[in-house]
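# Structural overview
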Amino acid sequence: MPLLENYSLKQLNTFGINVNAKLFANITSEEDLAEVFSNPLVKENKLLVLGGGSNMLFTRDYDGLVLKVSINGISVKEVGDDVFVTAGAGEVWDDLVKYCVSKGYAGIENLTLIPGTVGASPIQNIGAYGVEIKDVLESCTAFEIATGEIKTFSRADCEFAYRESVFKGKLKGKYIITSVTYKLSKTANVQTHYGAINTEMERREITNPTIADVSEVVAAIRVSKLPDPSTIGNAGSFFKNPIIDKTVFDELVSQFPDMPHYPAPDTRVKLAAGWLIEACGFKGIVDGNTGTWKNQALVLVNHGGATGQEVYRFSEKIINTVQQKFGVLLEREVNIL
Ligand code: FAD
Ligand code: EPU
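Residues numbered from 1 in each chain as written. Chains lettered and ligands numbered in written order. Predicted model: local features only at pLDDT ≥ 70, side-chain atom pairs only at ≥ 80, totals over all residues. Heavy atoms only, no water.

## Overview of the layout of surface pockets
Where empty space is left becomes clear once a probe the size of a water molecule has been rolled over the atoms. Roughly 580 Å³ of volume is contained in the second largest pocket. As for the second largest pocket, its lining consists of 35 residues, of which Lys10, Asn13, Thr14, Phe15 and Gly16 are closest to the centre. Grouping the amino acids of the lining of the second largest pocket by side-chain chemistry returns 11 nonpolar, 21 polar and three charged. (1 Å grid on protein atoms, 1.4 Å probe; cavity = no way out; pocket = protein on both sides within 12 Å on 5 of 7 lines; lining within 4 Å. Points joined across faces, edges and corners; volume = space filled by probe spheres on them. Nonpolar A, V, L, I, M, F, W, Y, C, P; charged D, E, K, R; others polar.)

Structure below.
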């Protein structure tokens, strides 16, 4: 398998940042992985695994090897009411959602329209509208870089938390996910508790929603709030929603009673970063070629020709301002390279 040199990543990251990789290879099978890692050049270079590039900000050319995972294939096993759907890591996540919704396999309809690939879905435990991958992931298989072996991880092995997994933590950089199995159900147990879904269902006068209804409503809400990366570069939420101690929260909420907040594990409290950023006057502002999205202050955008450095510097400005006003430190959700 040839390693391509000085390869443009502009079309391979949803921020649309114009950078090149020193070396690049497209991986379509586990055999491709074995072959690439038998090349001595690989050990001399740092490595980046790339899915759809929808959670990345490149601040410079990548001085190493980029492996784009394009392993495809979907298989289904039905056991009574349960449906085990296994997908190759390179499958487009939203195509899988559409496939499952069309077949009546319930469980991932709330995750409609999230960009990216199946292989990345466990990395940050993708989540939206009341559902996270941790609720449906049965297992995943991964290529161990050090040994070339394929290992299986159960849901517990993945150590999921809000926008976290073992693959972002202690196993970072050690495995390449090759497939994921989701446990879905032929019986719909629709999750409509997220406020915005309920409101939209009521507006549409839908009282007994199907999974197709949930998928449609989630898609409509997302389109109204989030910029489409095919027209305006972005990587979704740029920061995580901060989780703070209850005592700190009690102090803050007495000053800012309108502040949205949600229960988090261990009696902590999750705040809405978008609200904090908007309250600092950043919503919809343009800063050079970058800025925040007009309908969602948590999303940083590329208005055209932005460099990764420019977006990064703007994100620092936001972090500093939010810290000064609220004493809350925002953490970037996007991977900075
Ligand atoms: P990439 O950006 O290519 O990679 C992300 C990370 O995963 C990197 O660390 C990469 O090295 C690693 N990785 C990728 N593939 C593999 C693999 N096969 N094996 C090992 N490591 C791998 N996220 C949410 O959780 N919820 C949302 O609602 C949401 N909305 C979004 C909306 C928009 C408009 C955009 C642009 C992004 C949004 N995101 C959301 C973020 C993004 O869609 C997810 O993080 C997605 O899982 C990234 O997938 P990807 O294939 O593009 O990963
Ligand atoms: N809000 C504002 N101003 C804003 C944005 C949001 O006041 O500019 C307020 C909203 O009014 C609401 C609260 O903040 O009260 C939460 O907003 P929203 O429902 O839009 O969700 P979010 O917390 O901003 C999170 C995820 C999204 C996910 C949505 C839906 C994170 C970091 N982001 O956003 O995920 O789609 O919930 O579940 O957890 C992503 O990770 O890239 C992403 C888009």
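## Description of the side chain of Asp94
For Asp94, the location among the structural elements is in helix 3 (residues 93-103). Other than its neighbours up to four places away in sequence, Asp94 contacts Thr112, Leu113 and Ile114. (Helix = DSSP H or I, 4+ residues; strand = E, 2+ residues; numbered from the N terminus. Contact = heavy atoms within 4.5 Å.)

## Examining the domain arrangement of the protein chain
The domain architecture assigned to the protein chain consists of domain 1 (4-69), domain 2 (74-185) and domain 3 (233-336). Three residues, Glu30, Leu33 and Val69, lead the burial of domain 1 against domain 2; their summed loss comes to 45% of the area buried on that side. Between the two partners, domain 1 and domain 2, sit zero salt bridges. Linking domain 1 with domain 2 are two residue pairs in polar contact (both at pLDDT 80 or more), by the criterion used here. Elements that contribute at least two residues to the side of domain 1 that touches domain 2 include exactly helix 1 (30-37), strand 3 (47-50) and strand 5 (62-69). With four residues, the single largest contributor to the side of domain 1 that touches domain 2 is helix 1. Looking at the side of domain 1 that touches domain 2 residue by residue, the class counts come to seven nonpolar, four polar and one charged. (Domains from an automatic or database assignment. Buried area = accessible area lost by both parts, 1.4 Å probe. Salt bridge = Lys/Arg side-chain N within 4 Å of Asp/Glu carboxyl O. Polar contact = N/O pair within 3.5 Å; in protein donor to acceptor, adjacent residues only side chain to side chain.)

## Brief notes about the sheet that holds strand 10 (residues 137-144)
Spatial ordering of the open sheet is given by 6-7-12-10-11, a layout of five strands whose pairing is antiparallel. Among the strands making up the open sheet, the edge pair consists of strand 6 (74-79) and strand 11 (150-154). Neighbour-to-neighbour, the strand axes of this sheet turn through a mean angle of 20 degrees, independent of strand direction. Bridge count between strand 6 and strand 7 (residues 82-88): six bridges; the pairing is antiparallel. Its bridge partner lying in strand 7, Ile74 is registered against Ala87. Each of strand 10, strand 11 and strand 12 (175-185) touches helix 1; the most contacted strand, strand 12, lies at about 160 degrees to it. (Pairing = 2+ DSSP bridges. Axes fitted to C-alpha atoms, helices over the stretch in contact; angles between N-to-C directions.)

## Some points on the site of ligand 1
Inspection of the region around ligand 1 gives 32 residues, with Val49, Gly52, Ser54, Thr117 and Arg222 positioned closest. A distance of 2.7 Å separates a nitrogen atom of ligand 1 from a polar atom in the side chain of Arg222. Relative to its unbound accessible area of 970 Å², ligand 1 is 92% covered by the protein chains. Elements with a minimum of two residues in the shell around ligand 1: strand 3, strand 8 (127-128), strand 12 and strand 13 (233-237). Of the residues that constitute the shell around ligand 1, the class distribution is 16 nonpolar, 14 polar and two charged. (Near = heavy atom within 4 Å. Areas by Shrake-Rupley, 256 points an atom, 1.4 Å probe, with all protein chains shown as cover.)

## Some remarks on the site of ligand 2
With respect to spatial proximity, 23 residues lie near ligand 2, and among them Tyr129, Tyr162, Ser237, Glu278 and Glu333 are the closest. Note that an oxygen atom of ligand 2 is positioned 3.1 Å from one of the side-chain N or O atoms of Lys225. For ligand 2, an oxygen atom lies 2.8 Å from a polar atom in the backbone of Ser237. Expressed as a share of its isolated accessible area of 820 Å², the protein-covered part of ligand 2 is 82%. Mapped by element, the contributors of at least two residues to the shell around ligand 2 are helix 5 (211-225), strand 13, helix 7 (273-279) and strand 19 (296-302). Looking at the shell around ligand 2, its residues break down into 11 nonpolar, five polar and seven charged. Three or more residues apiece are contributed to the shell around ligand 2 by two domains, here domain 2 (74-185) and domain 3 (233-336).

## Details of the pairing of strand 5
When you tally the buried positions in strand 5, you get seven out of eight residues, the bulk of the element. Pairing geometry for strand 2 (residues 20-27) and strand 5, over six bridges, is parallel. Along strand 5, the bridge assignment pairs Phe24 with Val66. Note: strand 3 against strand 5, four bridges, orientation parallel. Bridging from a neighbouring strand, Leu48 pairs with Val66 of strand 5. (Buried < 20%, exposed > 50% of the residue type's maximum accessible area, 1.4 Å probe, protein only.)

## Notes on the nonpolar core
Ranked by size, the top nonpolar core spans 42 residues in total, and within it Leu9, Phe239, Leu271, Ile277, Ile318 and Leu330 carry the most contacts. Counting residues per element, this core draws most heavily on helix 8 (residues 308-326), at six residues. Built from parts of two domains, this core gets at least three residues from each of domain 1 (4-69) and domain 3 (233-336). With residues near it in sequence (within four places) discarded, Leu271 still touches Asn241, Pro242, Ile244, Phe249, Leu252, Met259, Pro260, His261, Leu276 and Val328. (Core = buried A, V, L, I, M, F, W, Y, C linked by side-chain atoms within 4.5 Å.)

## Let's talk about the pairing of strand 2
A regular strand carries its side chains on alternate faces of the sheet. Bridge count between strand 1 (residues 4-8) and strand 2: four bridges; the pairing is antiparallel. When the sheet's bridge partners are listed, Ser8 is paired in strand 2 with Asn20.

## Here's the deal with the pattern of salt bridges
Per the counting criterion, the structure on display carries 19 salt bridges. In this structure, Glu144 engages Lys151 in a salt bridge whose closest nitrogen and oxygen atoms are separated by 3.1 Å. Among the residues examined, Lys151 registers a relative accessible area of 31% and is labelled partly exposed. Among the salt bridges present, the one from Glu164 reaches Lys168, with a minimum N-O distance of 3.9 Å. Using a relative accessible area of 23% as the deciding quantity, one classes Lys168 as partly exposed. By sharing partners, the salt bridges in this structure join Glu164, Lys168, Lys240 and Glu331 into a single network.

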